[in-house]
Amino acid sequence: MAICNGRSGQLETVDADILVVGSGAAGLSAAVHAAMAGANVLVIDKGIIGKSGSTVSAVQSAAAGKWSTAQDSLEAYCRDLLASGKGLSDPQLVHTFVDHLERVLDQLIAWGLQLDRDASGEIVRTEAAGHAFARSISAAGGNTGRALLKTLIRQANRLPKLGKMPFTACVQLLVRQQQISGALVYDLLHNRFRLIRCKSLILATGGIGQLYHVTTNPQQATADGFALALRAGVRLIDMEQVQFYPTSLVVPHHAKGFCLSFYHFAKVYNARAERIMQRYDPVRLENVPRDAICYAIAKEIREGRCTPQRGLLLDVSEHVQRVRTWFPHEYKFLRQLGIRLEAEPVEIAPAAHFMMGGARINRAAMTHIEQLYAVGETAGGLHGANRLANNALPECLVFGAIAGESAARYARTASHFNDVDGEMLWATVHRYEAIVSRGAAAPEQALRPFHWKQQIQRTMTEHVSVLRDESGLRAAEQHLRDLSEQWAEVRVSGFPHRLAKDFLEMLEVENMLLTARAIAAAARAREETRGAHVRLDHPDSSPQLVRVEVQQVEGRLEVRRQLQAEGGNR
Ligand SMILES: Cc1cc2nc3c(=O)[nH]c(=O)nc-3n(C[C@H](O)[C@H](O)[C@H](O)COP(=O)(O)OP(=O)(O)OC[C@H]3O[C@@H](n4cnc5c(N)ncnc54)[C@H](O)[C@@H]3O)c2cc1C
């Protein structure tokens, strides 16, 4: 593959007041609010704008103020969030989130979002575990994420100052003297690097699901933003806090990770035909919160009482009509796969679902690097040790809006772009050129990025999942370090006239490796059980509340444990 503008060439340079990386709910919310405030905005995405990432799959959003139930209050919502975060949610972020949610929803409605309503015209509001009131709303009959994206794209198309660049991957954040100056990006359609200079950069690259063998997340969730942030010196918090969805399809392979929401009225069996919840929770059986059933399923799999595909069996044959009524799209999808719930159980396992941790941000969604923001799943601190159902979409909308508006205010006062560190920029370009030039030799025998992806997934699934212990975490860290060293042998072949898939995969593997190492290191530093996982060697929660922070300093990952006051001060 030729890198057209390599060693001798000049990089094509694009200028924008604000560069938004990622076009899910968080990125598009940021872009639209920034452009509405008068800034010149450019959104890039390594996939199709507004159609890649996790947002498209989301079903419901929590609401506040007039969009929630009349008995609800902002105080009650804050209480629920703080309780669910188990001491790790940042109260400042919690209050900011709840305070801004109503006005952000107002704006979406004004831009044309239509909420689902019942026969009498009332907004449908449903209950969800952990929320004291029925505050979950939806749009487009439960295709809420898709409806939000459509509304945001429609609004974006009305804004002449908002540009979009699809199939453009962010390769490196350019930081100079603790201030953002732009990003090195790669145009995957034309196989070339570009420099984008900006006054502010908003990182909205979504989650990390692809680090695991089974995930509910789409293929783009390769942890890019976490690694980009680490390389830029950003502090990440709570990286050990990965949320798993308990009952996701294991087979068929192409539907792996699809979430089945009806487990609370089904029965879960292990490979010995034992109904496992009779042992783990004989009173409530399967009708328990996600983390409890996740633990039980994960334990059965770890101890080998599982299918050859490392799954358990979910039997809902006595309540198929309930599935048809309450979860019609799940019923339909299973039928399309040839699975008849009346006749056979479904093979399931916990799947990596959501990253609670991420870039440490302040109330304006800015990291400690000047004018570098992080929003949506890439940011940490709001959900603490456990995200409540339907709180991810509104997080994206609120902090996207706040970051966009803050960056636009800055753009009005900043007269020039921060200088770009040319040495850093060209060193990166040359490094990738060197890797690509190795690729031509013997691609059919070569180790491809894909092989690393599989190895990372195996290690993370085995040692850094729901159940963890010191020796497994050490083994994972060692294996991930080994994989980083073997990376020198990677071969990347290119397809000059097609999407540069191998090149993108190479970038993704580097991001996955670094983020996986940060997660494993943070998980080992949390010597207690809190939130989404169980430390088998430390099964209880410690009375001392500790926050784990990871930062890359001079090429090395540094892990810090910081004592917190209850409620998680900053
Ligand atoms: C199956 C499923 C169901 C869910 N259901 C719900 C629900 O009902 N309610 C709820 O609140 N939450 C739900 N969630 C969680 C929620 O959907 C996500 O947390 C949220 O949508 C994340 O939005 P985001 O904008 O941060 O990232 P995403 O929507 O994932 O978007 C990130 C974008 O960044 C792009 N990108 C990544 N790396 C790069 C790079 N290097 N360069 C350029 N672009 C890049 C990606 O292509 C993608 O388009 C669900 C998640 C899943 C997977």
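Residues numbered from 1 in each chain as written. Predicted model: local features only at pLDDT ≥ 70, side-chain atom pairs only at ≥ 80, totals over all residues. Heavy atoms only, no water.

A. The arrangement of the packing of aromatic side chains in detail. Counted according to the given criterion, the structure contains twelve aromatic pairs. Ring geometry for Trp-452 against Trp-487: centres 5.1 Å apart, planes inclined by 90°, an arrangement best described as edge-to-face. Taken together, the residues Trp-452 in helix α12 (residues 449-463) and Trp-487 in the loop between α13 (470-486) and α14 (501-525) connect sequence positions 35 residues apart. Both residues of the pair, Trp-452 and Trp-487, belong to the buried class. In this arrangement the basic side chain of Arg-135 is found over the ring face of Tyr-77, its NZ or CZ atom lying 4.2 Å from the centre. Across from the ring centre of Phe-354, 4.2 Å away, lies the NZ or CZ of Arg-387, which sits over that ring. (Phe/Tyr/Trp six-rings, centres within 6.5 Å; stacked < 30°, edge-to-face > 60°. Helix = DSSP H or I, 4+ residues; strand = E, 2+ residues; numbered from the N terminus. Buried < 20%, exposed > 50% of the residue type's maximum accessible area, 1.4 Å probe, protein only. Lys NZ or Arg CZ within 6 Å of the ring centre and 35° of its normal.)

B. Quick look at helix α4 (residues 144-157). Taking 1.5 Å of rise per residue, 14 residues should cover 20 Å, and α4 covers 20 Å from first to last C-alpha, within 8% of that figure. For α4, the elements touching its buried residues are α1 (25-36), β3 (61-62), α3 (91-110), β4 (136-137), β5 (162-165) and α10 (392-413). (Expected span 1.5 Å × (residues − 1). Contact = heavy atoms within 4.5 Å.)

C. Geometry of the site of the ligand. As a structural note, the neighbourhood of the ligand is formed by 36 residues, with Asp-45, Thr-55, Val-59, Gln-60 and Glu-377 the closest of them. Contacts to the ligand include Ala-25, whose backbone N or O atom sits 3.3 Å from an oxygen atom. Leu-393 is positioned such that a nitrogen or oxygen atom in its backbone is 2.9 Å from an oxygen atom of the ligand. Burial of the ligand by the protein amounts to 95% of the accessible area it has alone, namely 1,000 Å². (Near = heavy atom within 4 Å. Polar contact = N/O pair within 3.5 Å; in protein donor to acceptor, adjacent residues only side chain to side chain. Areas by Shrake-Rupley, 256 points an atom, 1.4 Å probe, with all protein chains shown as cover.)

D. A look at the environment of Phe-399. By the element assignment, Phe-399 lies in helix α10. As a C-alpha pair, Phe-399 and Ala-25 span 374 residues in sequence and 10 Å in three-dimensional space. Beyond its immediate chain neighbours, meaning those up to four positions away, Phe-399 contacts Leu-93, Thr-96, Phe-97, Arg-363, Ala-365, Val-375 and Leu-382.

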